[in-house]
Amino acid sequence: MNKFYITTPIYYVNSYPHLGSAYTTVAADVLARFHRMRGEEVFFLTGTDEHGSKVAEAAAQKKTEPQKLCDQVTAKYEEVWDTLKISYNYFIRTTDSQHAQTVRYFLNSLKEKGLIYKGQYQGLYCLGCERYYTEKELVDGQCPFHKKKPISFSEECYFFKLSAFQEKLLKLIRSQKLIIEPQERRNELLSFLERNQLEDLAVSRANVKWGIPLPWDSQQTAYVWIDALLNYLSGLGWQGDSQKISDFWPPDVQLLGKDILRFHLVIWPALLLALDIPLPRRLYVHGFFTINGQKMGKSLGNALDPEKMAEVFGVDALRWLMLSSFPFGQDGDISQSKFYDQYQAQLANGLGNLFRRVLTLAAKSDQDFTPPQKEEKKIIKILQQTWKIYEKSLDDLKFEAAIESVRKVIAEADRYVDQNKPWELLKKDFSRYQEVIYHLLEILRHLGWLIRPFMPDKSDLIFKGLNLELAEKKKSLIQGKKWGGTIFSPTPLEEILFPRL
RNA sequence: CGCGGGGUAGAGCAAUGGCAGCUCGCCAGGCCCAUAACCUGGAGGAUACAGGUUCGAAUCCUGUCCCCGCAACCA
């Protein structure tokens with residue numbers, strides 16, 4: 001049996017989940033559900049990143065302990081993911097003790113291999129904040145809080161010989177042994193590695209208390225990114241004590257936002273190379289939501305709240321709308337009103353209306369619908385092609401293309417109804433009426449499968465309306481996507497699949 | 001001349017060098033099964049700009065203008 005290990009980045013707990021983090025997580029969930037549907041053994045990992053100075057600062061501001069803040073925010077993440085029906089297999093927290101164990105083991109191993117040395121970290125330090133700032137964070141060269149120029153400060157810390165891996169990384173990326181998608185991100189990274197000399201990476205901090213202490217020097221804590229990246233290993237339960245990592249290793253797909261590209265495409269593979277651990281098969285850099293062309297962010301005050309969006313559109317619809325709006329690898333502009341338009345067109349007028357339309361037409365006869373002698377070759381062919389495009393699209397992480405292929409089926413079904421006018425056939429030609437309705441019911445059954453990874457509950461509802469709830473759930477996808485063989489005795493539902501807003 | 005991406009219909013997007021398409025919106029018909037839904041047709045484009053290569057360019061090359069992201073220890 002094929003295995004499929006998929007990860008999202010772990011989210012930093014200095015703020016609550018917004019639509020951006022929901023986007024990555026829902027995308028991962030759709031893939032996880034799709035691969036499970038195919039009968040693969042899936043491990044889907046997500047979680048929270050809880051260490052670092054920013055969390056400590058946020059806690060201090062709220063006059064609480066860092067751990068308490070983490071518990072609180074993480075609980076919120078779990079709650080929102082629950083609402084969005086995220087089917088993760090494990091939720092990792094970097095404050096888990098078993099995670100700390102992995103980090104300690106990993107760092108020790110690096111040290112034993114001679115890849116760690118003591119050096120001087122130099123940076124711009126604000127005495128008021130008691131932390132380092134990067135040039136970019138400064139406002140007019142000053143600390144944004146204290147309006148003072150930070151001093152150049154250096155301290156002892158430990159470095160990882162990142163520079164030693166530059167050539168190896170280049171080779172792996174050029175030879176496609178390390179797959180980075182989409183293409184433009186790969187280009188970006190290649191040109192970065194070709195033009196710049198990698199510097200060694202400071203992997204510990206003396207003045208950040210909220211972190212995992214180094215195994216050989218308890219005065220220092222692990223740099224948060226090292227801590228965070230190792231979640232992909234610790235999340236599988238690997239603590240380094242035995243050589244064998246889980247059978248799920250390596251990750252088949254790792255999703256990440258373009259903001260954390262360097263960490264995941266340079267540092268992460270380098271760390272794995274350092275310990276001769278197999279690299280992830282695929283790293284996929286997705287785009288961001290923009291709102292009126294502006295980056296969505298908490299600091300800009302324009303972040304959309306996934307829970308509120310779910311209240312407006314319903315969870316299933318929200319999942320669908322997020323992924324249907326634009327190609328996954330690019331940025332895309334979204335807004336409540338665009339979602340609204342898409343909801344009406346695709347879901348209420350499209351799928352929802354078709355579902356009700358067909359069930360009502362079917363209910364005009366009290367007989368079962370059995371597979372007819374005469375089959376519409378055209379419809380069967382369209383469905384076969386749709387499955388081909390759909391599966392290929394999801395394999396390529398082209399969610400929008402998969403959705404497009406489903407929409408074409410819906411449009412084709414509506415056309416089929418109009419052309420055949422089953423309401424007239426009912427009076428004139430009953431057996432033809434049965435034929436036509438059979439084809440429509442069979443299309444609905446396929447649609448139930450097609451939308452399943454995106455909208456699990458609506459999929460159930462379609463099967464329920466077809467009176468096949470249990471029968472379909474027992475099937476594998478290979479059986480499910482076959483044409484015909486089903487005897488339908490549908491039961492129209494009171495419930496509207498997608499009410500107009 | 002730091003790096004990468006982008007500029008195509010009112011909006012959002014698509015097009016291995018081969019008649020510029022899709023979705024939404026808009027207009028006109030049709031239908032009366034369906035959630036004022038569905039179907040058909042239509043209007044709407046110097047593909048940012050200026051050159052070049054080519055039988056042929058949205059696509060390749062050169063230059064210009066504009067927008068976005070990244071620029072490393074920041075999650």
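Residue numbers run consecutively from 1 along every chain, following the written order of its sequence. Both sets of labels track the order of writing: A upward for chains, 1 upward for ligands. Under the rules for a predicted model, residues below a pLDDT of 70 receive no local features and side-chain atom pairs below 80 are neither given nor counted, while totals for whole chains, interfaces and linings still include all residues.

Peer 1: How should the packing of helix H5 (residues 166-174) against helix H6 (residues 183-195) be read in this particular structure?
Peer 2: Packed helix pairs are specified by the crossing angle of their axes together with the interaxial distance, meaning the distance between the axes. Think of each axis as a best-fit line through the C-alpha atoms, taken over the contacting stretch in the case of a helix, with angles from 0 to 180 degrees between the N-to-C directions. What counts as a helix is a DSSP run of H or I of at least four residues, what counts as a strand is a run of E of at least two, and both are numbered from the N terminus. Between H5 and H6, the shortest axis-to-axis distance is 10 Å and the interhelical angle comes to 150°. The orientation of H5 relative to H6 falls into the category roughly antiparallel. Handedness of the H5/H6 crossing: left-handed. On H6, the residues touching Gln166, Leu169, Leu170 and Ile173 of H5 are Arg186, Leu189, Leu190 and Leu193. Put simply, Ala, Val, Leu, Ile, Met, Phe, Trp, Tyr, Cys and Pro go in the nonpolar bin, Asp, Glu, Lys and Arg in the charged bin, and everything else, Gly too, in the polar bin. Classifying every residue of the contact of H5 with H6 gives six nonpolar, one polar and one charged. Our angle categories are set so that under 35 degrees counts as roughly parallel, over 145 as roughly antiparallel, 65 to 115 as roughly perpendicular, and the remainder as oblique. Two helices that cross are described as forming a left-handed crossing if the nearer one is turned anticlockwise from the farther one by less than a right angle, and a right-handed crossing if clockwise. C-beta atoms are first placed from the backbone for all residues, and any pair lying within 7 Å is then listed as a contact.

Peer 1: So what exactly am I meant to see when it comes to the protein's contact with RNA strand B here?
Peer 2: By nearness alone, 59 residues border RNA strand B, and Glu184, Asn349, Gly352, Asn353 and Asp414 come closest of all. Listing elements by their share of the surface near RNA strand B, those giving two or more residues are H6, strand S9 (201-202), helix H7 (224-229), strand S17 (332-333), helix H12 (336-362) and helix H14 (399-420). In terms of residues, the surface near RNA strand B owes the most to one element, H12, which gives twelve residues. When grouped by side-chain class, the residues that make up the surface near RNA strand B number 25 nonpolar, 14 polar and 20 charged. We call a residue near a molecule or strand when its C-beta atom, built from the backbone, sits within 6 Å of it.

Peer 1: Help me understand the environment of isoleucine 487, please; the structure alone is not making it clear to me.
Peer 2: The topology assignment puts isoleucine 487 in the segment after helix H19 (477-480). Exposed residues have 12 or fewer other C-beta atoms within 10 Å of their own C-beta, buried residues have 20 or more, and partly exposed residues fall in between, where C-beta atoms are placed from the backbone. With 13 C-beta atoms packed within 10 Å, isoleucine 487 lands in the partly exposed category. Through-space distance from the C-alpha of isoleucine 487 to that of valine 315 is 31 Å; in sequence the pair is 172 residues apart.

Peer 1: Explain the sheet that holds strand S15 (residues 289-291) here, please?
Peer 2: Strands in a sheet are paired, the pairing made by backbone hydrogen bonds, and the direction either parallel or antiparallel. Strand pairing is defined by DSSP finding a minimum of two bridges between the two strands. A sheet is described by the order of its strands in space; here three strands give the open sequence S16-S15-S17, paired in mixed fashion. A strand with exactly one partner marks an edge of an open sheet, and here the two such strands are strand S16 (294-295) and S17. Relative to S17, S15 is paired through two bridges, and the arrangement is parallel. Paired with phenylalanine 289 across the bridge in S17 is glycine 332.

Peer 1: Would you mind showing me how to read unusual backbone geometry here?
Peer 2: What is expected of a backbone is that most residues other than glycine have negative phi and most peptide bonds are trans. With an omega dihedral of -10°, the bond running from glutamate 181 to proline 182 counts as a cis peptide bond. Looking along the chain, the bond that leaves tryptophan 249 and enters proline 250 is cis, with omega of 0°. Notably, leucine 397 is not glycine yet its phi reads approximately 60°, a positive angle. Using a count of 22 C-beta atoms within 10 Å as the deciding quantity, one classes leucine 397 as buried. Residues other than glycine seldom take positive phi values, yet asparagine 467 does so here, at roughly 65°. For asparagine 467, the location among the structural elements is in the loop between helix H17 (456-465) and helix H18 (469-474). C-beta crowding within 10 Å serves as the criterion here: with 15 such atoms nearby, asparagine 467 is assigned to the partly exposed category.

Peer 1: Please explain the sheet that holds strand S12 (residues 217-222) as it appears in this structure.
Peer 2: Here three strands make up an open sheet; going across it, the order is S10-S12-S11 and the pairing antiparallel. Edge strands, defined here as strands with exactly one partner in the open sheet, are strand S10 (204-205) and strand S11 (213-214). Taken together, the two bridges between S11 and S12 define a ladder with antiparallel strand orientation. Within S12, the residue paired with leucine 214 across the bridge is aspartate 217.

By themselves, these observations are geometric and do not establish any function.
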